[in-house]
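A structural walkthrough
If you want the building blocks of each chain, they are given just below.
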Amino acid sequence: MISSGDYAPPEAQIDWLTGMMRGSAVQEATKTLRDMARLFHDADSLRRMDENTVVYRVQWTEPVAQGTTGGLFWGSTIIEPGRVGDEYFMTHGHFHSRRDRGEYYGTIGGKGLLVLMDESRATRTDAMFPGSLHYITGGLAHRVVNTGDEPLLFGACWPSDAGHDYSSIKAKGFGARVLLRGGGPAVIHA
Ligand code: M6P
Ligand code: ZN
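Residues numbered from 1 in each chain as written. Chains lettered and ligands numbered in written order. Predicted model: local features only at pLDDT ≥ 70, side-chain atom pairs only at ≥ 80, totals over all residues. Heavy atoms only, no water.

1. What about the site of ligand 1?
- Every one of the 14 residues lining ligand 1 counts as a neighbour, but Tyr 56, His 94, Glu 103, His 164 and Tyr 166 are closest to it.
- Between an oxygen atom of ligand 1 and a side-chain N or O atom of Tyr 56, the distance comes to 2.4 Å.
- For ligand 1, the accessible surface in isolation is 370 Å², of which the surrounding protein chains cover 94%.
- Using a 2 Å cut-off from the grid points, one finds that ligand 1 occupies the largest pocket.
- Only β4 (54-61), β9 (103-109) and β14 (152-159) provide two or more residues apiece to the shell around ligand 1.
- The dominant element in the shell around ligand 1, judged by the number of residues it contributes, is β14, at three residues.
- Its residues assigned to classes, the shell around ligand 1 comprises seven nonpolar, six polar and one charged. (Near = heavy atom within 4 Å. Polar contact = N/O pair within 3.5 Å; in protein donor to acceptor, adjacent residues only side chain to side chain. Areas by Shrake-Rupley, 256 points an atom, 1.4 Å probe, with all protein chains shown as cover. 1 Å grid on protein atoms, 1.4 Å probe; cavity = no way out; pocket = protein on both sides within 12 Å on 5 of 7 lines; lining within 4 Å. Sits in = over half its atoms within 2 Å of the grid points. Helix = DSSP H or I, 4+ residues; strand = E, 2+ residues; numbered from the N terminus. Nonpolar A, V, L, I, M, F, W, Y, C, P; charged D, E, K, R; others polar.)

Right, dumping it as structure tokens:
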């Protein structure tokens, strides 16, 4: 029920120019190279890097409990520019635990590739650039790769009962990697 009363600032706010969120309801997680150890293919290059290097940061708000039917979560993600050897910095990537739950990604700044993979491991990519809007169909694993020289920033909206399933990605990765080839990014299928 909506009750009238004094104006109260929202518990979460977003700066639409930078994507950054703030407010008492905002949670935050930072992923470093240490957290992502086996996701990059070049283990030798990884060993030579500082494991405290930040790869990406996520801010999000969960206005209802995880698992609630019909609710929505919002998150902002910033992926730093960089590479491990020839492989561009990226998110872990995940399927939704409930495979019929979709998600929106919208790019705020920077450029990159959205990598999408179905259960048969067929993989394709969509270009991400400021203003690009991506509807991710349920059943597709999704990962974002920063192929630019600046941070890649995107907003995301997903159902509160979607859940994250990282297990198969951790074990087998995606069906393609985004690697530096001939001075620019190339999608290399496994
Ligand atoms: C987006 C959403 C989040 C996700 C985050 C980072 O903000 O999809 O649910 O956690 O990106 O992606 P990942 O968890 O795959 O590293
Ligand atoms: Zn998702």
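Picking up where we left off.
2. Considering the layout of surface pockets
- Space inside the largest pocket adds up to approximately 540 Å³.
- Along the walls of the largest pocket sit 29 residues, with Val 58, His 94, Trp 158, His 164 and Tyr 166 positioned nearest its centre.
- Elements that contribute at least two residues to the lining of the largest pocket include exactly β3 (26-32), β4, β5 (72-79), β9 and β14.
- Residues that form the lining of the largest pocket fall into these classes: 12 nonpolar, 12 polar and five charged.
- Taken as a whole, the second largest pocket encloses approximately 170 Å³ of empty space.
- Considering the residues around the second largest pocket, the lining is formed by 13 residues, among which Arg 83, Tyr 88, Thr 147, Gly 148 and Asp 149 are closest to the centre.
- Class assignment of the residues belonging to the lining of the second largest pocket gives a composition of four nonpolar, six polar and three charged. (Points joined across faces, edges and corners; volume = space filled by probe spheres on them.)

3. Notes on the packing of aromatic side chains
- All told, the structure shown has five aromatic pairs when counted by the stated rule.
- Between the aromatic rings of Phe 40 and Phe 89, the centroid separation amounts to 6.3 Å while the plane-to-plane angle is 55 degrees, which identifies the pairing as tilted. Separated by 49 residues along the polypeptide, Phe 40 in the loop between β3 and α1 (43-47) and Phe 89 in the loop between β7 (87-88) and β8 (95-96) bring together distant segments of the chain. (Phe/Tyr/Trp six-rings, centres within 6.5 Å; stacked < 30°, edge-to-face > 60°.)

4. Focus on the pairing of strand β12 (residues 133-136)
- Burial along β12 is one-sided: His 134 and Ile 136 are buried, while Leu 133 and Tyr 135, pointing the other way, are not.
- Of the strand pairs in this sheet, β9 and β12 are connected by four bridges, and their pairing is antiparallel. Bridge assignment links Tyr 105 to a residue of β12, and that residue is His 134. (Buried < 20%, exposed > 50% of the residue type's maximum accessible area, 1.4 Å probe, protein only. Pairing = 2+ DSSP bridges.)

5. Observations regarding the side chain of Asn 146
- In this structure, Asn 146 sits in strand β13 (residues 141-146).
- Here Ile 79 takes part through its backbone oxygen, which lies 3.0 Å from a polar atom of the side chain of Asn 146.
- Within the structure, Asn 146 has its side chain in polar contact with the backbone oxygen of Glu 80 (distance 3.3 Å).
- Not counting residues up to four positions away in its chain, the partners in contact with Asn 146 are Ile 79, Glu 80, Pro 81, Tyr 88, Phe 89, Lys 111, Gly 112, Pro 151 and Leu 152. (Contact = heavy atoms within 4.5 Å.)

6. Quick notes on the coordination of the zinc ion (ligand 2)
- His 94 (NE2), His 96 (NE2), Glu 103 (OE) and His 142 (NE2) make up the full set of protein donors to the zinc ion (ligand 2), lying at 2.0 to 2.2 Å.
- Every donor counted, the four donor atoms about the zinc ion (ligand 2) form angles of 86 to 154 degrees at the centre, which fits irregular coordination.
- Here the donor residues of the zinc ion (ligand 2) are spaced in sequence according to H-x1-H-x6-E-x38-H. Taken as a pair, His 94 in the loop between β7 and β8 and His 142 in strand β13 lie far apart in primary sequence, 48 residues in all. (Donors = N, O, S within 2.8 Å, 3.2 Å for Na, K, Ca; no water. Tetrahedral: all angles 85-135°; square planar, octahedral: opposite > 155°, others 65-115°.)

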